[in-house]
Amino acid sequence: MQSKTHFLFIDFLKVFAALLIILHHLSSYGQIAQDARQALPIIMTWLFEYGRYAVQIFLVLAGYLAAQSLSRYANDRFSVHRLLKVILNRYLRLFAPYASALILTIACAYIARFWVSDEFVGESETLSQFLAHLFFIQGILGLDSISAGAWYIAIDWQLYSVLAILLISFPRYQAAIWVISVLAVSSLLFFNRSGLYEAYFIYFIGSYGLGVLAYLGKHFDNQSVNRLAKIALLLIGLIIAISSFEQIWLRNFLAWFVAMILLYWGDKPYPTKAGSQAALHAIAWGSQRSYCAFLTHFALILLANTLYVASSLHTHKSSALAIAFMLGVVGCSIIAANYLYRWIEMPALRLKI
C-alpha cells in the first residue's frame, strides 16, 4: 500500500524491511549461501535466524497504511456494494505485479532445474498450483509456494479484507477497535504460536492490528477514537510484557515497538536540508519500489545460484565470489523492481472497479 504523502519513517521502514528480507533469503537458499557463510558466519547466521523478523515490520506497516486507506469511508453508511468494491480493488492492486513476478519465478526455476539440484528450487509447477496462487489460496489448499514471498501477498489480502469489513461495518470505529484488539491479543498469545494457522489471517492479525491501532491513535478526527486506540495499544503492550514471563517472543515486542514508532513519528515529514537530499530521495525512490523488490528477488536468487553452479564457480569454494554474487542479486533486485514498478505496477493502478 502506497502512502498518499511520503513520510520519512514509513518510507525508511519499507526500504529497510525489504532489504532485510532479501538478505534473509540470500542467507537461506542455495550454494551461494553455503559458501558465503564460510567468510561471514556470524552475519549470515544472524540474517538466517533473525532476518525473517522483517515480516513483522511489513505487517505493522501494512495495517497502518490500510487503516489510512480505509479511513476515507469513516461515518459513511454501510453498503455491501462499497465493501465488495474495496476488497476487489485491493485484489486488483496486488494482482498485476504479483502475477508478473510469479511468471518470472516459474521461468527462472525452470532454468535452474537443469543445473541446481536443491530443495529450494522445488518441483515443476502445475497449472492448478499456479491458479491457486492467482487467487491467493495456495496456503489454504496446502500447495507448495512458487516464490518465497507469495504467501505474504495472500495473507495481506486476507488481512485487508477483514479490516475493510470491520471499519466499513462499524464506521464510528469504537466497536472496530475493540474487535481488532481482541483479535490481536488472541493472535499474539495463541494463534501466532501454532503453525496450524499460518495460512490464515488470524495467525498474523496481531502485528497487523497493532499497525491499525497506531494509525487510529493519531490520525483519526475523533478524540474518543484516538484515546481508545492508544489505550488499546498500551494494554496490548502490557499483555505482551506479562506473557514474556512464560516465554519471550521477540517478534511480538518488535511489532509493538514498530507500532509505537508509527504512533509518534509515523507522520514525520522529510527534512528540507539540502545536504541530505540525495539520501532522502533514495529512500523515497526505494519505498515506492519495495513491493516489486519483494516480489522479484527470489527469481534472481534462483538465477544467481544457477549461474554460480553452471559456471563451476562453486567448485572454487570462494567466499569472496559468493558474497559478490549476493551483492549482485541485491543490485539486480533493485533494477528489476524499478522496471516492474514502471512497466507493470504503475499502469495497473488504473485497474479498478
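Residues numbered from 1 in each chain as written. Predicted model: local features only at pLDDT ≥ 70, side-chain atom pairs only at ≥ 80, totals over all residues. Heavy atoms only, no water.

**Student:** How should the overall build of the chain be read in this particular structure?
**Tutor:** Per the secondary structure count, the chain includes 14 helices and zero strands. Overall size of the chain, expressed as C-alpha extent along the three principal axes, is 65 × 50 × 40 Å. Residue burial in the chain is summarised as follows: out of 353 residues, 52% are buried. Of the contacts made within the chain by residues no fewer than 6 positions apart, 77% connect residues no fewer than 24 positions apart. For the chain, the accessible area works out to roughly 16,800 Å², and carbon and sulfur atoms hold 67% of it. Where the 24 positive side-chain charges of the chain centre and where its 15 negative ones centre are 13 Å apart. (Helix = DSSP H or I, 4+ residues; strand = E, 2+ residues; numbered from the N terminus. Buried < 20%, exposed > 50% of the residue type's maximum accessible area, 1.4 Å probe, protein only. Contact = heavy atoms within 4.5 Å. Areas by Shrake-Rupley, 256 points an atom, 1.4 Å probe, with all protein chains shown as cover. Lys, Arg positive; Asp, Glu negative; His and termini not counted. Charge placed at Lys NZ, Arg CZ, Asp CG, Glu CD.)

**Student:** Explanation requested: the packing of helix H4 (residues 54-70) against helix H9 (residues 205-216) in the structure shown.
**Tutor:** Each pair of packed helices can be summarised by the angle the axes make with each other and by the distance between the axes. Closest axis-to-axis distance for the H4/H9 pair is 7 Å, and the angle between their directions is 40°. Comparing the axis directions of H4 and H9 gives the class oblique. Of the two possible hands of crossing, H4 and H9 adopt the one that is right-handed. Residues Gln56, Leu59, Val60, Ala62, Gly63, Tyr64, Ala66, Ala67 and Gln68 of H4 form the contact with H9, whose own contacting residues are Ser207, Tyr208, Gly211, Val212, Ala214 and Tyr215. Tallied by class, the residues present in the contact of H4 with H9 amount to 10 nonpolar, five polar and no charged. (Axes fitted to C-alpha atoms, helices over the stretch in contact; angles between N-to-C directions. Parallel < 35°, antiparallel > 145°, perpendicular 65-115°, else oblique. Left-handed = near helix turned anticlockwise from the far one by under 90°. Nonpolar A, V, L, I, M, F, W, Y, C, P; charged D, E, K, R; others polar.)

**Student:** How do you make sense of the packing of aromatic side chains when you look at a structure like this?
**Tutor:** Note on aromatic pairs: each is described by the distance of the centres and the angle between the planes. Applying the stated criterion across every chain yields a total of 27 aromatic pairs. Pairing Tyr98 with Phe136 gives two aromatic rings, centres 5.1 Å apart and planes at 65°, and the pair type is edge-to-face. Placement of Tyr98 in helix H5 (residues 80-112) and of Phe136 in the loop between helix H6 (127-134) and helix H7 (150-169) is noted, with a sequence separation of 38 residues between them. With respect to class, Tyr98 is no different from Phe136; both count as buried. Aromatic rings pair up to connect Phe58, Trp151, Tyr152, Tyr203, Phe204 and Phe294 into one cluster. Above the plane of the ring of Phe48 lies Arg37, whose end atom (NZ or CZ) is 6.0 Å from the centre. Positioned above the aromatic ring of Tyr160, the side-chain terminus of Arg90 is 4.9 Å from the ring centre. (Phe/Tyr/Trp six-rings, centres within 6.5 Å; stacked < 30°, edge-to-face > 60°. Lys NZ or Arg CZ within 6 Å of the ring centre and 35° of its normal.)

**Student:** Got a minute to help me understand the side chain of Glu345 in this structure?
**Tutor:** With respect to the helices, strands and loops of the structure, Glu345 is situated in helix H14 (residues 319-348). Taking relative accessible area as the criterion, Glu345 reaches 2% and is therefore assigned buried. Reaching out from Glu345, the side chain makes a polar contact with the side chain of Arg93 at a distance of 3.0 Å. (Polar contact = N/O pair within 3.5 Å; in protein donor to acceptor, adjacent residues only side chain to side chain.)

Such coordinate-based values are descriptive only and should not be taken to indicate function.
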